Amino acid sequence: MKDVKQRHASLFLEVSCQDETPRLPLHSSIVVFLLSYCECKSFKVHLVSGKPDSSQALQGQLPEFLDVRVVRAEGLPPLVRDCRLPVVLDETGRMCRAGLAVVLRHIINKSVEAEPSRNDVLALLGFKKTCLKACAEVSKWTRLCEIGIPSAVEEHLRNPSSQQPQPPPPAILTLERRLAEPVKVHNDDKIRRQKLKHLRQNGNHDSSKGSGDSHLGDGLELKTALAKLSVAAAPNPTTRERSEIRKVKTNDLPVLEHVFAEGLYFTLTDVVLLPCIHQYLSSIRSHAASTLHCLPHLLRWYSRVQEVPGVLRAAKACRTTLTVPEKPPPLPAGPPVEGNPASQLEQEDETTAQLPFVGGPRPTVTKLKENGIEAAFAPHPCPEWTLPWDNLPDAINPTEGKMSSIRTVRKKQQLNNLVAMVTQLAKPGYTVVDFCSGTGHVGIVLAHALPRCKVILIENKEESLIRAHSRSAELGLENIGFIQTNLDYFTGPFQIGVALHACGVATDMVMEHCIQAGAAFVVSPCCYGFIQNAVKFTFPRSKKFQETLIYKEHMVLCRFADQTAPQLPPERRLIGKQCMGLVDLDRSWSAESHGYRVQVMTMEPETCSPKNNMLVGRPGVEDGPR
C-alpha cells in the first residue's frame, strides 16, 4: 500500500471471517467503494480484525491508493470502542463519526474539501444535501438503505439457499416496489412537460398516464440524469414549451420513472445499494432466471448505475466486476400491485385496536381520570441550586452559542436544573452521556463541573458538534469526547444519560438507551406534538395507558401538550401543562416497568421554558406492572 505522509484522520472498518478467510462485510465494502469512487486519500484506513495478516488477504479487495493497516479490537481508541463500525476518528482523537450514513457523508465532504472541482461527488448528497441525513431510528427509507438491505444480503450470504430457488428477501422486495413508484422531484413539472413533448414526438399521444413501452419513458429520464453527471454538459437554453404542452394540466402530465434509487439522479443511496445488490445477484446466478422475474425494476436500476461515469472505474479498483443479466425480465404494465409487502415503507403501523374515538383534550383527560390516571409532579429537591456563573470561564456561558440575552438567562436556568440532578447522581469515574447535545451547553458544563467523570457528547448534526468541540478546546477540557452519530450506533457503557429538550420521540429513544445500559437518566422533553409511532416505538408506552387510550387519543395529549407558549391564554397553558404531565407520566410508568424509580418534576423557575418538565430516573427498583 502507498504511504500517506501528511497527517490524516483515521477510518476504522470491520473485518469478518468466513471459513477462516478474512472478508469485508457489506458496510465496510460500501465505505471502500465510496472511497474508490471519490478517489479519496484523506484517511488512514484501519482494518479491525483478529488476524494480523488480514491486510495481505484483503489486498485484492482494496484500492491500491489507500493507506491500510490492521488493528485488533482491544487496541482501538476508547471513543472508537464505544461505537459500532465504521468509525472515523479525527486528528485530535477527541471527535469521531460513527455509523454508515454519517461516515459516508463525511467522506464526501472531505473529498470535496480536498478537491472542490468534484461536483459529481458533491452531487451524491442530493437535493439540499439531505441524502440519508435523516436518522434510521425515525426514517424508514434510511433504515431500509443503511440497515435493512445490507443486513438482509449479509444474512442471505451467510445462509445461502440450496439449488432450490428462494424468493428475494423482503427488504429487496421493498426496494423493488420503491423503484416502481412514480418519481417526485424538485421542479418536476418542467421535466414532465418535456417528457410529454418527447412522447408526442415519438408518436405516443395517449401519454397522460405514462407509457407502457418503457424505452420511450427511459429516454428523457435517463438523458436528464446523465446530463447532470456529465462535467461537459451545458444547460439547455430556457425556452417556453408550445402552447398545447403548456395548457396540459399537471395531473394529466406523464409521471416520471425512477432512474436511480432516489429518483432521477445518482446519489449516495445508489452507492450504498450497489455493493449489496451486486453481491446478492452474484450469489443467485445459478438460478437467477427463476428468482429475478419479480425484480425487473431492480435489474434495470442495476444496469443504469453502471452507466454513471466513475462507477465502473471504482468497481475495478475494488476488484469487482459488475455484470448485467443477459435478458432482464420485462417491466410489468400498469401501476404496481397493491398489497405488496413493500407498500408498507412509508406507512405507520397501527398496532392499537381501533376503538371508538372521542376528540379534544378534555374528554381524553376525563377518560384517564375516570381510570385513576392524573398528572402528578414530584417536588423539586433543590429549587434554589445554581451554578456559579460569574466565576465560570466565558466559553461555558451559553452566550458562546450565539443566543440573545433573554434566551441566555433562561438557558442558564435550564442548565441549573439538569446539572443539579446529574451532580446528585454522579460519582468519580462515571461516564455521563449528553444525548442530542447540540452545541454542547449541557455537556461542556458537566465536563467542567465533574472533572473526575468522563463526559461524551452525542449529536447527529455535524455543525453543532464542531462548535461544541471548538468551545471545549478553548477551555482545555481533558475529560470530554464528541461523537457524531445516531443513538443506535453508540454502544459504550455509561452510568448517566442526560438530554435537554430532545425533540419528540428523541426523548423516548434516550430513555430507552439508558434503560438498556442500566444507566440513570435526567431528561427534559420537548416538541410533544412530534411524537408518533416510529420504527422502534409505539404509543402509549406504558401498560396502563395502553389499556385506557388508543393511539389517536394519546396523540391528542401530545398535540395539546405543545400549547404552553407564554403568549397563550392562562387556561390554555394550564391544559397544555396537564397534557405534558400525562404524556410524561406514561413515559415514567414505562421506565418503571423496567425496574426504574422515576420522578416527573417541574424545572425551577417555571418560566425558564414553556417545556419545563424534567424526568429523573434511577435504576435498581424491582419490576412493576406499569
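Residues numbered from 1 in each chain as written. Predicted model: local features only at pLDDT ≥ 70, side-chain atom pairs only at ≥ 80, totals over all residues. Heavy atoms only, no water.

Draft legend 1. Looking closely at the overall build of the protein. Secondary structure assignment for the protein yields 22 helices and 14 strands. Buried residues in the protein amount to 54% of all 626 residues. Intrachain contacts of the protein at a sequence separation of at least 6 include 75% that bridge at least 24 residues. For the protein, the accessible area works out to roughly 29000 Å², and carbon and sulfur atoms hold 51% of it. (Helix = DSSP H or I, 4+ residues; strand = E, 2+ residues; numbered from the N terminus. Buried < 20%, exposed > 50% of the residue type's maximum accessible area, 1.4 Å probe, protein only. Contact = heavy atoms within 4.5 Å. Areas by Shrake-Rupley, 256 points an atom, 1.4 Å probe, with all protein chains shown as cover.)

Draft legend 2. Region of interest: the sheet that holds strand β9 (residues 454-459). Read from one edge of the open sheet, 12 strands run β5-β4-β1-β6-β7-β10-β9-β8-β11-β12-β14-β13, paired in mixed fashion. Taken across any chain shown, the strands that pair with only one partner, and hence form the sheet edges, are β5 (67-71) and β13 (596-602). If you compare each strand with its neighbour and ignore which way they point, the axes differ by 20° on average. Taken together, the 5 bridges between strand β8 (residues 431-435) and β9 define a ladder with parallel strand orientation. The partner of V433 across the bridge, within β9, is I456. With respect to the sheet, helix α1 (residues 26-38) is in contact with β1 (9-14) and β4 (43-48), its orientation differing from that of β1 by roughly 140°. Relative to the sheet, helix α17 (residues 441-449) contacts β8, β9, β10 (480-484) and β11 (496-503), its axis offset from that of β9 by approximately 170°. (Pairing = 2+ DSSP bridges. Axes fitted to C-alpha atoms, helices over the stretch in contact; angles between N-to-C directions.)

Draft legend 3. How the structure looks around the packing of helix α21 (residues 551-561) against helix α22 (residues 570-592). Two elements in contact, α21 and α22, have axes whose closest approach is 7 Å; the angle formed by their N-to-C orientations is 130°. For the element pair α21 / α22, the angle class is oblique. By crossing handedness, the relation of α21 to α22 is classed as left-handed. Two secondary-structure elements touch here, α21 through H554, L557, C558, F560 and A561 and α22 through G576, C579, M580, L582, V583 and D586. For the contact of α21 with α22, the class distribution of residues is 8 nonpolar, 2 polar and 1 charged. (Parallel < 35°, antiparallel > 145°, perpendicular 65-115°, else oblique. Left-handed = near helix turned anticlockwise from the far one by under 90°. Nonpolar A, V, L, I, M, F, W, Y, C, P; charged D, E, K, R; others polar.)

Draft legend 4. Molecular detail of unusual backbone geometry. In the segment running from F539 into P540, the intervening peptide bond is cis, with an omega of 0°. Structurally, the position occupied by P540 is in the loop between β12 (520-526) and α20 (543-548). P605 follows E604 through a cis peptide bond whose omega is -10°. The residue K128 is not glycine, and still its phi comes out positive at about 60°. Along the chain, the position of K128 falls in the loop between α5 (119-122) and α6 (140-158). Even without being glycine, R319 reaches a positive phi, approximately 60°. Following the sequence through the fold, R319 ends up in the loop between α14 (311-317) and α15 (361-370). Looking at R319, the relative accessible area reads 40%, which means it is partly exposed.

Draft legend 5. Fine view of the nonpolar core. Counting 76 residues, the largest nonpolar core has I149, L268, I277 and W301 as the members making the most contacts within it. Setting aside anything within four residues of it in sequence, one finds W301 in contact with L179, V259, F260, A261, D270, L273, L274 and I277. In terms of nonpolar packing, the next biggest core, distinct from the first, is built from 58 residues, V80, V365, I373 and L549 among them. (Core = buried A, V, L, I, M, F, W, Y, C linked by side-chain atoms within 4.5 Å.)

Draft legend 6. The arrangement of the pairing of β12 in detail. The buried fraction of β12 is high, at 7 of 7 residues. On β12, burial covers both faces: A520, V522, S524 and C526 on one face and F521, V523 and P525 on the other are all buried. Where β11 and β12 come together, 7 bridges link them in parallel fashion. Its bridge partner lying in β12, L500 is registered against S524. Chirality of the crossover, the property in question, places the unit of β11, helix α19 (residues 506-517) and β12 among those that are right-handed. Strand direction decides the pairing type here: β12 and strand β14 (residues 613-619), joined by 3 bridges, are antiparallel. Across the sheet, the residue bridging to V522 is V616, located in β14. (Right-handed = clockwise from strand over helix to strand, strands pointing away.)

Draft legend 7. Structural view of α22. Here α22 is 23 residues long and its end C-alpha atoms lie 32 Å apart, about the 33 Å a rise of 1.5 Å per residue gives. Most of α22 sits inside the fold, with 17 of its 23 residues counted as buried. (Expected span 1.5 Å × (residues − 1).)

Draft legend 8. Up close: the packing of aromatic side chains. For the structure shown, the criterion picks out 7 aromatic pairs. Each ring, one from F521 and one from Y596, has its centre 5.6 Å from the other, and the planes form 25°; the classification is stacked. Taken together, the residues span a long stretch of sequence, with F521 in strand β12 and Y596 in strand β13 at a distance of 75 residues. In terms of burial, F521 and Y596 fall into one category: buried. Here the aromatic residues Y37, F260 and F266 are joined through ring pairs into a cluster of three or more. Sitting over the ring of W141, R178 keeps its end group 4.1 Å from the ring centre. (Phe/Tyr/Trp six-rings, centres within 6.5 Å; stacked < 30°, edge-to-face > 60°. Lys NZ or Arg CZ within 6 Å of the ring centre and 35° of its normal.)

So far we have only geometry, and geometry alone does not tell us how the molecule works.
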